[in-house]
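Per-entry structural report
Here are the chains, one letter per residue:
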Amino acid sequence: MCGFVGFTDVKNDSNKIIKSMADKIIHRGPDSYGYHTDGDIALGFRRLSIIDITESGDQPIYNEDKTKVLMFNGEIYNYKEIRSDLQSKGHDFKTNTDSETVLHGYEEYGAAILNKLRGMFAFVIWDIHEKQLFGARDFFGIKPFYYAKMGKAFIFGSEIKSFLAHPDFKKELNEAALENYLTFQYSPTEETFFKNVYKLPASHYFIYQDGQMSVKRYRSISFEPDNKPSINEWTDRISDTFKNSVKAHKVADVEVGSFLSSGVDSSYVAAEADVDKTFTVGFGEDERYNEIGYAKEFSGYIKKENISKVITKEEYWAALPKVQYHMDEPLADPSCIALYFVCNKAAEYVKVVLSGEGADEIFGGYNVYREPLSGGAYNSLPRFVKRTVGTAAAVLPQRRGVNFLVRKGRDIEERFIGNAFIFTEKERKALLKNKTSAPPPTEITKPFYAQVKGSDDVTKMQYLDLHLWMTGDILLKADKMSMANSLELRVPFLDKEVMALAEKIPVKHRIAAGTTKYALRQAALRACPPETAGKKKLGFPVPIRVWLKEEDSYRIVKNCFTSKTAEQFFNTAELVKLIDLHKAGKTDNSRKIWTVFMFLVWYDVYFG
């Protein structure tokens, strides 16, 4: 695992600039570094050695005649098969790395190499003769890729913070991103919190030449359910495919560990991976917030060592600025900080860990996915009847039965924007001082829903989460928190073969028997005890709801909410009302409070 930076429009001091940029991301690769500069481009690299850990695996990597140069971040799990194919076609390899297969694969197949790769990646290949830059990001968006056009310079890399070292980079806040963030709790579009800085979408590649950039998608997710196989057949297929994926994800020349919570996903990974060590964090002794007891018990069951850490409240709060610095953009997911600590603990022992991200999105694991199937006979009423009743119910005081009628009176495209829905459009506009160009939340989700028009509602929800929530929140924090600790995090559920299988599993085997990701749980039963395979989805529990009622935390946040920084962007009286009502126990505003607070912490780090 590594990180890279680069820019065009080279200057007299390009060597100094590219080194400064690469030094900004030294945490992504403390083992070695490398640079390439010519009259047109400067490239920098930081390496965390995992495969071919000798110096021969350092980057940049050149092709045989040194007309193309590669900078690569990620892992290719089927690189040996690709390497063998390319050698049979006459390609000469100078290293034993997986990354060199990408370079020769591009020479042989062009952009078509992307669909042959099994792994996670973001990379660039510079053609010295054609003066053309080719870059790509993996199918799921596991590895990040950012770019910006500043003056004549095209700047790109693994993390935005590296751009700050470029003399042409103009640091400006994108307030439209702030308004979107208040609803989603992350930045949901290709824009970032920095004006004119963008993310390359997952499953896309680009070509940059003569000052022009073209971006194209190379692969799409396509749910095509197959109703013929029985649940037992699906269980067999999932078990076999996942075993194969875990085996592929363990390929390394260093020790591999595994994260472990109380959930089925990480437990299934740890059980199949047969690693020596598992890693867990928790808060205090309350079992709602501490999964260490379970993790140690399960580690005993699979006969592995569990290494754990109890995060104190003081440690958690003290880490917030550092975490938001490493995130590049604000993220209001409280589990992000817990993930930082478990990565920090694991990095004391190993360089690579396996984790369970992605299982919920591709197998249908979130509890909210049961919602379209709830309601019994009410669901069979004509759409216009449900809409009429829902419209009438919307003017009544909110309570459980009323909320049900309102929800059922709206189409899934109207009521679901993803796993997080923090501030409504009306609420965020009342909170913000400045008008922005941010679109309504449904305008952001609309293109994704259009791609699965005609599918069932559960599939629509999964498809949306795969493209927004998973990439914008789950995978973003996984990459940034692991890399902040010079640790490589691998996600065997997010594998092209596993996804190809999951695309065919019908809803009746995803949501069944009163639970979610039913077929996956049946497969997990072959490696885990029933109480683990059947455990309800909890997420990564963090006690911010409790902490924000305590005087010390309340004071920290309230002072922040009444600061000059807060006054730039928010109607601070509304912010104070949120925190005061929460402390008084009248309303649980913890998610809303945390969303605003994390932005303000991030802003002080980058703009304060």
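Scroll up a little and you will see the structure.
Counting of residues starts from 1 at the beginning of each chain's written sequence and follows it residue by residue. Selection of residues for local features in this predicted model requires a pLDDT of at least 70, selection of side-chain atom pairs for listing and counting requires 80 or more, and totals for whole chains, interfaces and linings are taken over all residues. No hydrogens and no water enter the side-chain calculation; it runs on all heavy atoms of the structure.

Quick look at the overall build of the chain
Rule in force here: Counting from the N terminus, the helices are the DSSP runs of H or I reaching at least four residues and the strands are the DSSP runs of E reaching at least two. Here the radius of gyration uses the C-alpha set of atoms, whereas the globule reference equals 2.2 Å times the residue count to the power 0.38. Accessibility here uses a 1.4 Å probe with only protein chains present; expressed as a share of the type maximum, an area under 20% marks a residue as buried, one over 50% as exposed, and anything in between as partly exposed. For this analysis, residues touch if any pair of their heavy atoms sits within 4.5 Å. The Shrake-Rupley method, run with a 1.4 Å probe sphere, supplies the accessible areas, and residue values consider only the shown protein chains as cover. His residues and chain termini do not enter the charge count, which takes Lys and Arg as positive and Asp and Glu as negative. Lys charges are placed at NZ, Arg charges at CZ, Asp charges at CG and Glu charges at CD.
Summing up its helical and strand segments, the chain has 27 helices and 17 strands in all. In terms of overall dimensions, the chain is globule-like: its C-alpha atoms have a radius of gyration of 24 Å, near the 25 Å expected for 608 residues. Seen through its C-alpha atoms, the chain measures out along the principal axes to roughly 70 × 60 × 50 Å. Within the chain, the fraction of its 608 residues that count as buried is 60%. Within the chain, contacts between residues at least 6 apart in sequence are counted, and of these 72% link residues at least 24 apart. With the model as given, the accessible surface of the chain reaches about 23700 Å², and the carbon-plus-sulfur share is 49%. Counting 84 positive and 81 negative side-chain charges, the chain places the averaged centre of each group 5 Å from the other.

Section: the side chain of Arg 428
How we decide: Polar contacts here mean pairs of N or O atoms no more than 3.5 Å apart (in protein, one a potential hydrogen donor and the other a potential acceptor; neighbouring residues in sequence count only if both atoms are side-chain atoms).
With respect to the element layout, Arg 428 can be found in helix α15 (residues 425–431). Of note is the side chain of Arg 428, whose polar atom sits 2.9 Å from the backbone oxygen of Pro 439. If we skip the residues at most four places from it in the chain, Arg 428 touches Glu 179, Asn 180, Leu 182, Thr 183, Phe 423, Ala 438, Pro 439, Pro 440 and Pro 441.

Observations regarding the sheet that holds strand β3 (residues 41–47)
Defined as follows: Think of it this way: DSSP has to see at least two bridges between two strands before they count as a pair. Each axis is a line fitted through C-alpha atoms, taken for helices only over the stretch in contact, and angles between the N-to-C directions span 0 to 180 degrees.
One open sheet holds the 6 strands; their spatial order is β2-β3-β1-β9-β8-β10, and the pairing between them is antiparallel. Of all the strands in the sheet, the pair left with one neighbour each is β2 (32–37) and β10 (197–199). When strand polarity is set aside, the average angle formed by the axes of neighbouring strands in this sheet is 15°. Note: strand β8 (residues 146–150) against β10, 3 bridges, orientation antiparallel. If you follow Tyr 146 over to β10, its bridge partner there is Lys 199.

Points about the sheet that holds strand β5 (residues 68–76)
Two pairing modes exist for strands in a sheet, parallel and antiparallel, and in both the strands are linked by backbone hydrogen bonds. Spatial ordering of the open sheet is given by β4-β5-β6-β7-β11-β12, a layout of 6 strands whose pairing is antiparallel. With partners counted over all chains shown, the strands left at the sheet margins are β4 (61–62) and β12 (212–217), one partner each. Across the face of the sheet, helix α3 (residues 99–109) comes into contact with β4, β5, β6 (119–127) and β7 (132–137) while running at roughly 125° to β5.

What about the pairing of strand β9 (residues 153–157)?
Of all 5 residues making up β9, 5 are buried, and the element is well covered by its neighbours. Alternating residues of β9 divide into Ala 153, Ile 155 and Gly 157 and Phe 154 and Phe 156, and every residue in both groups is buried. When strand β1 (residues 2–8) meets β9, the two strands line up antiparallel, connected through 3 bridges. Each bridged residue has a counterpart across the sheet, and for Gly 6 the counterpart in β9 is Phe 156. Sheet analysis places β8 next to β9, joined by 5 bridges and oriented antiparallel. Bridged to Lys 149 within β9 is Phe 154.

Quick word on helix α26 (residues 572–583)
Stated precisely, the cut-off is as follows: Given the number of residues in a helix, its expected span is that number minus one, multiplied by 1.5 Å. The arc refers to the directions leading from the helix axis to the C-beta atoms.
In a regular helix each residue adds 1.5 Å, so 12 residues correspond to 16 Å; α26 covers 17 Å between its end C-alpha atoms and thus fits that length. Along α26, the residues that are buried comprise Thr 572, Leu 575, Val 576, Leu 578, Ile 579 and His 582. Buried residues of α26, seen end-on, are gathered within an arc of 155° and therefore sit on one face of the element. Two residues or fewer after α26 comes Gly 585, characterised by a positive phi angle close to 80°.

Let's talk about the nonpolar core
Here is the rule: Side-chain atoms within 4.5 Å link the members of a nonpolar core, which is a set of buried Ala, Val, Leu, Ile, Met, Phe, Trp, Tyr and Cys residues.
Leu 114, Phe 123, Phe 259, Tyr 316, Phe 570, Phe 597 and Phe 599 are the most contacted members of the largest nonpolar core, which has 175 residues in total. Looking at which element gives the most residues to this core, the answer is helix α27 (residues 590–606), with 11 residues. Every residue in contact with Tyr 316, bar those within four places of it in the chain, is listed here: Phe 283, Ile 311, Pro 334, Ile 337, Ala 338, Phe 341, Val 542, Ile 544, Trp 547 and Trp 594. Core analysis: the second largest hydrophobic core is formed by 18 residues, Cys 2, Val 69, Ala 122 and Phe 156 among them.

Describing the packing of helix α10 (residues 335–346) against helix α18 (residues 469–484)
Quick reminder of the rule: Should the near helix be turned anticlockwise from the far one by less than a right angle, the crossing is termed left-handed; should it be turned clockwise, right-handed. As a working rule, the residues Ala, Val, Leu, Ile, Met, Phe, Trp, Tyr, Cys and Pro are called nonpolar, Asp, Glu, Lys and Arg charged, and the rest polar, with Gly in that last group.
One can describe the packing of α10 onto α18 by two numbers: an axis separation of 8 Å at closest approach and a directional angle of 40°. You can see that α10 and α18 cross each other, and the crossing is right-handed. Mapping the contact onto sequence places Ser 335, Cys 336, Leu 339, Tyr 340 and Cys 343 in α10 and Lys 477, Ala 478, Met 481, Ser 482 and Ala 484 in α18. When its residues are assigned to classes, the contact of α10 with α18 shows 7 nonpolar, 2 polar and 1 charged.

Some thoughts on α18
Formally: Fitting axes to the seven residues that end at a residue and to the seven that start at it, the angle between those axes gives the bend at that residue.
Its 16 residues give α18 an end-to-end C-alpha distance of 21 Å, which sits within 8% of 22 Å, the value for a rise of 1.5 Å per residue. Taken as a whole, α18 carries its principal kink of about 35° at Leu 475. The buried count for α18 comes to 16 of 16 residues, which makes it a mostly enclosed element. Remark: Ser 486 follows α18 within two positions and exhibits a positive phi of approximately 55°.

Describing the packing of aromatic side chains
Cut-off, in case you're wondering: Aromatic rings from Phe, Tyr and Trp, taking only the six-membered ring of Trp, are treated as a pair when their centres fall within 6.5 Å; an angle between ring planes under 30 degrees marks them as stacked, one over 60 as edge-to-face, and anything in between as tilted. Ring-over charges, as used throughout, are those where CZ of Arg or NZ of Lys falls within 6 Å of the ring centre and within 35 degrees of the ring normal.
One pass over the full model with this rule turns up 52 aromatic pairs. Aromatic pair Phe 242 and Phe 493: ring centres 4.4 Å apart, planes at 15°, arrangement stacked. Within this pair, whereas Phe 242 is found in helix α5 (residues 231–249), its partner Phe 493 is found in the loop between β17 (488–490) and α19 (496–502), the two being separated by 251 residues in sequence. Residue classification places Phe 242 among the buried positions, given a relative accessible area of 2%. Accessibility expressed as a relative area gives 0% for Phe 493, which makes it buried. With a centroid separation of 5.0 Å and an interplanar angle of 75°, the aromatic rings of Phe 569 and Tyr 603 are classed as edge-to-face. Residue Phe 569 is located in helix α25 (residues 564–569), and its partner Tyr 603 is located in helix α27; the two are separated by 34 residues in the primary sequence. Under the relative-accessibility criterion, Phe 569 is labelled buried at 4%. Over the ring of Tyr 109 we find Lys 116; its NZ or CZ atom is 4.5 Å from the centre of that ring.

A short note on the pattern of salt bridges
Operational definition: Should a side-chain nitrogen of Lys or Arg be within 4 Å of a carboxyl oxygen of Asp or Glu, the pair is scored as a salt bridge.
Scanning the model with the defined rule gives 45 salt bridges in all. Residue Asp 328 is joined to Lys 161 by a salt bridge in which the shortest nitrogen-to-oxygen separation is 2.8 Å. Here Asp 328 is found in the loop between α9 (320–327) and α10, whereas its partner Lys 161 is found in the loop between β9 and α4 (175–184), with 167 residues between them in sequence. With relative accessibility at 0%, the residue Asp 328 sits in the buried group. Salt-bridge contacts for Glu 550 lead to Lys 313; the nearest nitrogen and oxygen are separated by 2.4 Å. Residue Glu 550 is located in the loop between α23 (544–547) and α24 (551–561), and its partner Lys 313 is located in helix α8 (residues 313–318); the two are separated by 237 residues in the primary sequence.

Interpretation in functional terms is not warranted from these geometric data alone.
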